[in-house]
Amino acid sequence: MNKPSESTVVSPELGDMSKEEFRRYGHELVDWIADYFERIEDLPVLAAIEPGDLKAQLPTVPPQHGESMPEILADIDKLIVPALTHWVHPSFFAYFATSTSGPGILGEMLCAAFDNKAMLWRTSPASTELEDVTLDWLRQMMGLDGGLSGIIYDTASVSSMHAIAAAREGVEQRVREEGMSGRADLPLLRVYTSEHAHSSIEKAVITLGLGQKGLRKVPTDSEFRMDAKALEAAIEEDKRHGYLPFCIVATVGTTSTSSIDPIREIIPIGEEHAMWLHVDAAYAGSAAVVPELRHILDGCERADSLVVNPHKWLFTPFDLSVLYCRHLDLLRRAFSLVPEYLRTPEQEKVRSGSDYGIQLGRRFRALKLWMVIRYFGHDGLAARIREHCRLAQLFASWIEESPEWELLAPVPFALVCFRACPDREGEPAEIKAKRLDVLNEAIMHGVNASGKALFSHTKLNDKLTLRLSIGNIRTTEKHVRQVWELMNEQLALLK
Ligand code: PLP
């Protein structure tokens, strides 16, 4: 894509790009993507640019006349690639490492070509029906029961927001009809989640007009799991104040440490108080496709809803989040609104995506997941996730064997939380705590600045904690060994 002079073709006066041009640049682009994956390890994982660098190189006004594809594509190499943080790099270990895959990319291409807006069954029967079938396959692969029906949203943040909206619909307070503001008859509605829950839960509560006061964060135990006794006490206390506890959000695979809330202990509490249980398994839910890890979702047969993100750990290009829900009727009641121009003769017989959320048009996202599942198969997906967990255990074993490093949380999946902890004789605890925070942050920045690997951090028990997340389809033991060496080099330099 580096030869702008080769073509003088610019966009036609009317109509789309010619089919010859589309074919030519389509092939070129697929070749470019294949080459990108081949050379990805030569590129710095973290974009090596300063804020504003890209904007400074782009025209501030739009082109008056169409430009040629070679000119446009040349700018991908020249301007866009250097400004990318390469999530598909096999040494990307930050946040939750995730990656796309060949079949997923091809599915995404088709989705763009079909450009279906799956708002009603008739505007995209294929999308509507393939979504049902694909999500039922995924449900079976995860060992979830048949009482759960799936629906695709873009992200887990949006899936959870819809789950909480359905839960609120279930408390029969006429919120849909009358809203929440200015109502003296409405008690404080409350959602309960652990202090390690993802921030998307708090954002959902804010978005739904429940206010931050409408969320109570429950303490966690020494392994960062929700304390079920504290949950029960919080609900009972709130009830004594006249509040209306209506939803519990438990997490399987928290963001900081991938800890698993005790679903089996939480269930009876929710049931006793007639509350909705939503499980945020956005990250770790995919691990349930591995037969020996299926138990992580034990108890979910009594959950009301669960979110899992195939775009996190199922090699599906961003974005695709699945909400499994036991009460689609409530979700529908919360969101369905059919104006005359959307009325169809078959509407009573079919499921239309727009009835289950705030969006009208919906992308044909099921296609890429269907292609990913068909291409890799259940066994292939499980094998890759199993390997990531093995690599995480291997890395954790190196940490445990070294006196200069320590693990800071259990490793149930493929995320390792740890820090360097070289000793200095006679150092007071407070000084040591500060020194280790500074040292670990410097190790992280040192490795990340090298461009050879990228990982991120969190804070656990007030300690700056390094996080190594393994989830990229291209990551092998070689990459994990390399980042371990880079960390040790930094430690030797900085300690
Ligand atoms: N829930 C958990 C446990 C997460 O770790 C994340 C993101 O990492 C989210 C929700 C939000 O995911 P999304 O970006 O799909 O909204």
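The structure we're discussing is the one just above.
Topic: the pattern of salt bridges
Link 1 in the chain: Under the criterion given, the structure shown has 37 salt bridges.
Link 2 in the chain: Between Lys-495 and Glu-404 there is a salt bridge, with its nearest N and O atoms 2.8 Å apart. One end of the pair, Lys-495, is in the segment after α15 (477-494); the other, Glu-404, is in the loop between α13 (366-401) and β8 (405-407), with 91 residues separating them in the sequence.
Link 3 in the chain: Owing to a relative accessible area of 47%, Lys-495 belongs among the partly exposed residues under this scheme.
Link 4 in the chain: When salt bridges with common partners are traced through the structure, they connect Glu-108, Asp-319, Arg-363, Arg-365 and Lys-368 into a single cluster.

Regarding the site of the ligand
Link 1 in the chain: Among the 13 residues in the neighbourhood of the ligand, the closest are listed as Ala-156, Ser-157, Thr-255, Asp-280 and Asn-309.
Link 2 in the chain: The side chain of Ser-157 places a nitrogen or oxygen atom 2.5 Å from an oxygen atom of the ligand.
Link 3 in the chain: Measuring from an oxygen atom of the ligand, one finds a side-chain N or O atom of Asn-309 at 2.8 Å.
Link 4 in the chain: Here the ligand, which alone exposes 400 Å², has 87% of that area covered by the protein.
Link 5 in the chain: Elements supplying a minimum of two residues to the shell around the ligand: α6 (156-169) and α11 (310-313).
Link 6 in the chain: Broken down by class, the residue content of the shell around the ligand amounts to three nonpolar, eight polar and two charged.

Remarks on the packing of helix α5 (residues 125-141) against α13
Link 1 in the chain: Two elements in contact, α5 and α13, have axes whose closest approach is 10 Å; the angle formed by their N-to-C orientations is 25°. Classified by the interaxial angle, the pair formed by α5 and α13 is roughly parallel. Crossing angle aside, the handedness with which α5 passes α13 is left-handed. From α5, Leu-130, Glu-131, Thr-134, Leu-135, Trp-137, Leu-138 and Met-141 reach across to α13, where they touch Ala-366, Leu-367, Leu-369, Trp-370, Ile-373, Arg-374, His-378 and Leu-381.

Criteria and thresholds
Residues numbered from 1 in each chain as written. Predicted model: local features only at pLDDT ≥ 70, side-chain atom pairs only at ≥ 80, totals over all residues. Heavy atoms only, no water. Salt bridge = Lys/Arg side-chain N within 4 Å of Asp/Glu carboxyl O. Helix = DSSP H or I, 4+ residues; strand = E, 2+ residues; numbered from the N terminus. Buried < 20%, exposed > 50% of the residue type's maximum accessible area, 1.4 Å probe, protein only. Near = heavy atom within 4 Å. Polar contact = N/O pair within 3.5 Å; in protein donor to acceptor, adjacent residues only side chain to side chain. Areas by Shrake-Rupley, 256 points an atom, 1.4 Å probe, with all protein chains shown as cover. Nonpolar A, V, L, I, M, F, W, Y, C, P; charged D, E, K, R; others polar. Axes fitted to C-alpha atoms, helices over the stretch in contact; angles between N-to-C directions. Parallel < 35°, antiparallel > 145°, perpendicular 65-115°, else oblique. Left-handed = near helix turned anticlockwise from the far one by under 90°. Contact = heavy atoms within 4.5 Å.

All we've got here are geometric facts, nothing functional implied.
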